[in-house]
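Remarks on the overall topology
Chain by chain, the residues run as shown.
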Amino acid sequence: MSGQTGRAAQTEQAERAATTPATHRTDVCVVGAGPAGLALSLMLLRSGVRVTLLEKSRAFARDFHGEILQPGGQRILDELGVLAAARSRGDRTLRGFQVLERDRLLLDIDYRRLDAPYDRLLALPQRHLLDALLAACRRLPGFTCLDGHRVKELLQERGRYTGAVASGPGGRRVAVPARVVVAADGRFSKTRALAGIDAGRTEAFDQDVVWFSLPAPGRATGLVRIHRAAGTAVLVHDTYPDRIRVGWTLPHRAWPEVADAGLTAIKNQLAVAVPQFADLIDRHLTSRADLKLLDVFAARAPSWADDGLVLVGDSGHTHGPLGAQGINLALQDAAVLHPILVEALRAGDVSRARLARFQELRGPAADAVTRVQRLQAKAFLGTSGRVATLARAGAAKLVTRTPIGPRITSRIAHGRVPVHVRTDLFDRS
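Note that the structure is predicted; figures quoted are calculated from it, not measured.

Moving on, we get to the pattern of salt bridges. Taken as a whole and judged by the stated rule, the model has 23 salt bridges. For Glu157, the salt bridge goes to Arg158, with nearest N and O atoms at 3.4 Å. Arg158 gets classed as exposed once you look at its relative accessible area, which sits at 80%. Salt-bridge contacts for Glu360 lead to Arg357; the nearest nitrogen and oxygen are separated by 3.2 Å. Linking Glu360 with Arg357, this pair stays in helix H12 (residues 357-380), spanning three residues, or about one helical turn.

Written out as structure tokens, the structure is:
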């Protein structure tokens, strides 16, 4: 063989290798390493199920994702044995929610009325939570994490989903044959789109939120506060380390016009709304790049399951940030889906009919959160004026000073039905 022919053969072989996917065979292919995907992966691994995790990013520096952890989510992480590890990376304890109309306290939801040890909120940076979950997964056999891999297609056989194909660093393709694919890749789920399932988006909220954080040593309040003033509402809470996180609510899709007014105008509006933080805003808000817009909407996919496929967390149902329910719902979803998947795999039946039980159990909880968030948005982020203020004050008095208050607090903290991890399904060997 001549040198030229040999080089051509080598080139052809290399091209063939580049286009032929490597194969990682597994029981469950989880797409998305957020709270739902990682918590579910850990539960499955502890039940003796092999898991391959596909995650498009190479790091978990998710600075503007939700980080308020409700008691229900804390309990699930405790039952998994990872809450202490996540907290050891740094967090802030918050005693509850307050709503203020300028200097007037309208609402005070005190979590200290709940049973210990889950009588608080935690501001836990999401990267700390994800790092702790991932570390726990890596310690178990049967786990493969393919970070930097984007799902490109779903494998099918006779109408049933049988895995996924992902593109990794350098465009290298990886095939992951699996008995079940779990879409845990968020509210803009590529997996859901590949399966042809509509997101079910609705414009349920009148506001979007612009997020940013500021250094604030010595300024901790130990609370999540909504400050109503100047025709707007600004959410502020402590975060780690020695910072505050700020969510500025704006009319839905109003951000382009606000941004065009320039940074000085933005800082002036914020200073009027939260004058106690005007000095921090002036000093540390230096660029519009510091501000991250969250497009607030609700969504509920019509179906969360198909043969060999199931949607979990935001992939199946999306909510607004009000009430800090995102991580809670994700972790509770994982805990409910875990036994359904384990039992389906053991029975050799991963049909849509069997996996649809997950939506039957969690659909009402997701719908309830959307309903409550819409009421909260209208009550505490909505219009100003004397009548609206009096209505808010009446509702706040009902929650704060009557026996209804603790029940409402418990519902917000734990959900419609408290969820536990099925640790009895864990492999004890």
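Glancing now at the sheet that holds strand S16 (residues 224-229). With mixed pairing, seven strands are arranged side by side in an open sheet as S7-S6-S16-S17-S18-S15-S19. The sheet is open, and its two edges are formed by strand S7 (104-110) and strand S19 (292-294), each paired on a single side. The average undirected angle you get between the axes of adjacent strands in this sheet is 20°. Where S16 lies against strand S17 (residues 232-239), six bridges are found, and the strand directions are antiparallel. Bridge pairing in S17 places Arg228 opposite Ala233.

Moving on: the packing of aromatic side chains. Enumeration over the complete set of coordinates arrives at three aromatic pairs. Relative to Phe297, the ring of Phe188 lies with its centre 5.9 Å away and its plane at 55°, an arrangement referred to as tilted. With Phe188 in the loop between strand S13 (180-183) and helix H6 (190-194) and Phe297 in the loop between S19 and strand S20 (298-300), this pair connects stretches of sequence that are 109 residues apart. On the basis of relative accessible area, Phe188 is assigned to the exposed category, the value being 59%. Centroid distance Trp304 to Phe358: 5.7 Å. Interplanar angle 50°. Geometry classified as tilted. You can see Trp304 sitting in the loop between S20 and strand S21 (305-306) and its partner Phe358 sitting in helix H12, a full 54 residues away along the chain. The class of Trp304 is buried, set by a relative accessible area of 1%.

Met43, Leu80, Val182 and Leu337 are the most contacted members of the largest nonpolar core, which has 78 residues in total. Membership of the second largest hydrophobic core comes to 25 residues, among which are Leu106, Tyr111, Leu121 and Val296.

Right, let's talk about the side chain of Asp27 for a bit. Structurally, the position occupied by Asp27 is in the loop between strand S1 (22-23) and strand S2 (28-31). Among the polar contacts listed, one links the side chain of Asp27 to the backbone nitrogen of Arg50, at a separation of 2.9 Å. The residues contacting Asp27, other than those within four sequence positions of it, are Val49, Arg50, Ala178, Arg179 and Val180.

With that settled, consider a positive patch on the surface. There is a patch of like positive charges on the surface, built from Lys56, Arg150, Lys152 and Lys190. Topologically, Arg150 is positioned in strand S10 (residues 150-157). Judged by relative accessible area, Arg150 falls into the partly exposed class, the value being 47%.

Here we come to helix H3 (residues 71-80). With eight of ten residues buried, H3 lies mostly within the body of the structure. What H3 keeps buried is the set Pro71, Gly72, Gly73, Gln74, Arg75, Ile76, Leu77 and Leu80.

Looking now at the side chain of Arg75. Structurally, Arg75 is set in helix H3. One buried charged residue, Arg75, remains without a salt bridge, the closest side chain of opposite sign being Glu79 at 4.5 Å. Apart from residues no more than four positions distant in its own chain, Arg75 is found in contact with Tyr118, His414, Pro418, Val419 and His420.

Per-residue confidence for the protein gives a mean pLDDT of 88; residues scoring 70 or more make up 87%. When the criterion is pLDDT under 50, residues 9-17 qualifies, and its contacts beyond four places in sequence or with other chains add up to one contact.

When the terminal C-alpha atoms of helix H5 (residues 126-138) are compared, their 18 Å separation across 13 residues agrees well with the 18 Å that a helix rising 1.5 Å per residue should span. Contact partners of the buried residues in H5: helix H2 (35-46), H3, helix H4 (83-88), strand S9 (143-147) and helix H10 (326-347).

Moving on to the sheet that holds S13. Across the sheet, six strands lie side by side as S9-S3-S2-S13-S22-S21; this open sheet has mixed pairing. Two strands in the sheet have a free side with no partner beyond their single neighbour: S9 and S21. Bridging between S13 and strand S22 (residues 309-311) involves three bridges; their strand directions are parallel. Looking at S22, one finds that Val182 is bridged to Val310. Here H2 sits on the sheet in contact with S2, strand S3 (51-55), S9 and S13, set at roughly 165° to S3.

Next up on the list: the state of the cysteines. One pass over the structure, following the stated rule, counts zero disulfides. Unpaired in this structure, Cys137 has its nearest cysteine sulfur neighbour in Cys145, at a distance of 8.5 Å. Given the relative accessible area of 0%, Cys137 is considered buried.

Below, the discussion takes up the packing of H2 against H5. In the contact formed by H2 and H5, the axes pass within 9 Å of each other and the chain directions differ by 20°. Judged by the angle between their axes, H2 and H5 are roughly parallel. Handedness of the crossing formed by H2 with H5: left-handed. Each of Pro35, Leu38, Ala39, Ser41, Leu42, Leu45 and Arg46 in H2 lies in contact with H5, whose residues at this interface are Gln126, Leu129, Leu130, Leu133, Leu134, Ala136 and Cys137. When grouped by side-chain class, the residues that make up the contact of H2 with H5 number eleven nonpolar, two polar and one charged.

The rules behind these values
- Residues numbered from 1 in each chain as written.
- Predicted model: local features only at pLDDT ≥ 70, side-chain atom pairs only at ≥ 80, totals over all residues.
- Heavy atoms only, no water.
- Salt bridge = Lys/Arg side-chain N within 4 Å of Asp/Glu carboxyl O.
- Buried < 20%, exposed > 50% of the residue type's maximum accessible area, 1.4 Å probe, protein only.
- Helix = DSSP H or I, 4+ residues; strand = E, 2+ residues; numbered from the N terminus.
- Pairing = 2+ DSSP bridges.
- Axes fitted to C-alpha atoms, helices over the stretch in contact; angles between N-to-C directions.
- Phe/Tyr/Trp six-rings, centres within 6.5 Å; stacked < 30°, edge-to-face > 60°.
- Core = buried A, V, L, I, M, F, W, Y, C linked by side-chain atoms within 4.5 Å.
- Polar contact = N/O pair within 3.5 Å; in protein donor to acceptor, adjacent residues only side chain to side chain.
- Contact = heavy atoms within 4.5 Å.
- Patch = residues over 30% accessible without salt bridge, like charges linked within 9 Å, V, L, I, M, F, W, Y side chains within 5 Å.
- Areas by Shrake-Rupley, 256 points an atom, 1.4 Å probe, with all protein chains shown as cover.
- Lys, Arg positive; Asp, Glu negative; His and termini not counted.
- Charge placed at Lys NZ, Arg CZ, Asp CG, Glu CD.
- pLDDT = per-residue confidence, 0-100.
- Expected span 1.5 Å × (residues − 1).
- Disulfide = S-S within 2.5 Å.
- Parallel < 35°, antiparallel > 145°, perpendicular 65-115°, else oblique.
- Left-handed = near helix turned anticlockwise from the far one by under 90°.
- Nonpolar A, V, L, I, M, F, W, Y, C, P; charged D, E, K, R; others polar.

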